[in-house]
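Observations on chain architecture
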Amino acid sequence: HHCRCRPEMPATQLLLLACLVWGLGARTAQLRKANDRSGRCQYTFSVASPNESSCPEQGQAMSAIQDLQRDSSAQRADLESTKARLRSLESLVHQLTLDEAAGPSATQEGLQRELGALRREREQLESQNRELEASYSNLLRDKSALEEEKRRLREENEDLARRLDSSSQEVARLRRGQCPQARGTPQDVPSGSREVSKWNVETVNFQELKSELTEVPASRILKESPSGHPRSEEGDPGCGELVWVGEPLTLRRAETITGKYGVWMRDPKPAYPYTQETTWRIDTVGTDIRQVFEYDLSSQFLQGYPSKVHVLPRPLESTGAVVYRGSLYFQGAESRTVIRYELNTETVKAEKEIPGAGYHGQFPYSWGGYTDIDLAVDETGLWVIYSTQEAKGAIVLSKLNPESLELERTWETNIRKQSVANAFIICGRLYTISSYSAPDATINFVYDTGTGRSRALTVPFKNRYKYSSMVDYNPLEKKLFAWDNFNMVTYDLRLSEM
C-alpha cells in the first residue's frame, strides 16, 4: 500500500500519523522522499500487506478501499464517542473544582437542605400511609357492620316470609273452614253466625285495662262465709286440696298478634260427635271476636290445622269461655250476659244475665283484659266467677245450671278480684294466682265452698312467658290449661288425699 503525504495540506501531520499507525500495523513500512516532475517534494510511504501475497486486481482493490472506508468510519465514530465522554468528564471535574472552591461548609449545608427535604417527604409519606391504614381499618369495620346488618335483615326477612306463609296458610284454612260441613248446618242458625269476623288490629287496644295491684294482708280478707258444699254429679271423685303445680308444658304458639291473649279448651264431658281429644281455641285480641277454631284431633291442634271454624252469632268478651257437655259458654261482648252456644248445631240455646255482675272493665283480674266474668268447670259442674258493686269488688261465685244458665247457688268471698291475676275451681274450691307476669308466682288463696272459709296458700306457679291471660282447670285430664303470651300450655298438678 502507498500513502502519499503533501506538506502543504492542512492535515499533513494527521495523515502522516495515520500512515505511521497503519505502517506499524503492517509491521513493514518504507518512506521515500523525492521531487516530482514539477519540482515539488513528494514523500512516498510503502507498507507490505499482512494478508495478501500479491496485489489484487482492479475489482479487488475497490473492495479493499471500501473496507478501509468502513474501518475509517467506525474509527471516526469511536473517536467521537471518546470525545463526548471526555467532555462529560471535563464538566464533572469542573463542577467538583467549583464545589471545592465554595468550601466544605457550603457543600454540607446543601446536603443538609437536601436531607431535610428528603426527611420531610418521608414524614409526609408515612403520615399519608397512616391515614390510609386508618381509613382502610374504618372501611373494614364498616364492611363488617354492614355484613352483620345484612345478615340480620336477611334473617328478619326470612322470619317475615315464614310468618307471611303461615298467615297465608291460616287464611286458606279459614276459607276452607267456611265451606259446608259434612254433617250440615241447621236451618235455624242465625244468619249472623255465617259472617266472618273482620279484624282491625291497628285500632285494637288489646283490651288492656290495667288495674292497680294492691297488697292486702291475709288477716284482713279471710273471713268466714256461710257454709254449704255443692254435691258432685259423680259422687266423690277423690277430690283433695291442691298441693303442687308442675312446670308448664308448651303445646303450641299462636301465629299472629290476635293470639297474644286467648283461651283454649277441651270438653271434660264430651257429647257426640265430639271426643275428649277435640280441642277448641279462640284468639281474643280484637274488637269483634267471633271465630272459634275447632280441631278434631290433638295432632291437628298441635300443627295448627283446624277441622272447622265456627263464627259466633254474637261477639264474645275476653278469655273466660269454657266448653262443657258439647256447648260453648261465653260472656257476650260489653254485657253481663252469659251465652250457651251448642257447637254441633251451631245455635244459641240459652242466655242469662248475671245479676249485678260487673263487666267491660269494672272488676277484672289484675292484668285487665275485660276479665270481669270468668266461667269455670270442675268435677261438680259449671261455675261463673265475677264481682258486684254490692260485694265491693270481692270475688263472687255462682253455680250455674248448664242447660238454662239459672244461678243455683252463690257464694261471696272476701278476696278482692282485682288483686289476683286469675282464678280457677277444683272440687268446689276456688284458687287464685298472685301474678300474671312474675316468673315465680304462687297460688296464693283458696276459698272452700264447702266450709265457706278462705285461707292463704304458697303453692309455686310458673309464668314461663310472663303474661298469663287465662288459667282453667280440666277435671277430666286433671290438668291446668293456660294461655301465656301467645303460648298454649298445660300444668300437671297434685291434690292431697282426703
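Residues numbered from 1 in each chain as written. Predicted model: local features only at pLDDT ≥ 70, side-chain atom pairs only at ≥ 80, totals over all residues. Heavy atoms only, no water.

Examining the packing of aromatic side chains
Aromatic rings considered in pairs are described by the distance between their centres and by the relative angle of their planes. So the rule is basically this: Two rings from Phe, Tyr or Trp (for Trp, the six-membered ring) form a pair when their centres are within 6.5 Å of each other. A pair whose planes differ by under 30 degrees is stacked, one over 60 is edge-to-face, and the rest are tilted. Helix and strand labels come from DSSP, where a helix needs a run of H or I of at least four residues and a strand needs a run of E of at least two; each type is numbered from the N terminus. In this analysis the charged atom, NZ for Lys or CZ for Arg, is taken to sit over a ring once it is within 6 Å of the ring centre and within 35 degrees of the ring normal.
Taken as a whole and judged by the stated rule, the model has eleven aromatic pairs. Here the aromatic rings of Trp264 and Phe481 are separated by 4.2 Å at their centres, their planes lie at 5°, and the arrangement is stacked. Placement of Trp264 in strand β6 (residues 262–266) and of Phe481 in strand β23 (residues 479–484) is noted, with a sequence separation of 217 residues between them. Here the aromatic residues Tyr261, Trp367, Tyr436 and Tyr467 are joined through ring pairs into a cluster of three or more. Above the ring of Phe301, the side-chain terminus of Arg252 is found at 5.9 Å from the ring centroid. Residue placement shows Lys399 over the ring face of Trp383; its charged tip is 5.5 Å from the ring centre.

Concerning the state of the cysteines
Operational definition: To count as a disulfide, a pair of cysteine sulfur atoms needs to be within 2.5 Å. Think of it in three bands: residues with accessible area under 20% of the maximum for their type are buried, residues over 50% are exposed, and the middle band is partly exposed, with areas taken using a 1.4 Å probe on protein chains only.
In this structure the tally under the stated criterion is one disulfide. The side chain of Cys239 participates in a disulfide bridge whose partner is Cys427; the two sulfur atoms lie 1.8 Å from each other. Across the S-S bond of Cys239 and Cys427 the torsion is about -75°, and the bridge reads as left-handed. One end of the pair, Cys239, is in the loop between α4 (218–221) and β4 (242–245); the other, Cys427, is in the loop between β18 (422–426) and β19 (429–433), with 188 residues separating them in the sequence. Cys427 shares its class with Cys239; the two are buried.

Points about the sheet that holds strand β15 (residues 381–386)
This is how it is decided: Pairing between strands is defined by DSSP: at least two bridges between the two strands are required. Lines are fitted to the C-alpha atoms to define the axes, a helix being fitted only along its stretch in contact, and any angle between axes, read from their N-to-C directions, falls within 0 to 180 degrees.
Taken in spatial order, the four strands line up as β14-β15-β16-β17 in an open sheet, and their pairing is antiparallel. Either end of the sheet is taken by a strand with one partner, and the two such strands are β14 (374–378) and β17 (407–416). With strand direction ignored, the average angle separating the axes of adjacent strands in the sheet is 25°. Sheet topology note: the strand β16 (residues 394–400)/β17 ladder contains six bridges and is antiparallel. Within the sheet, the bridge partner assigned to Ser398 lies in β17 and is Thr410.

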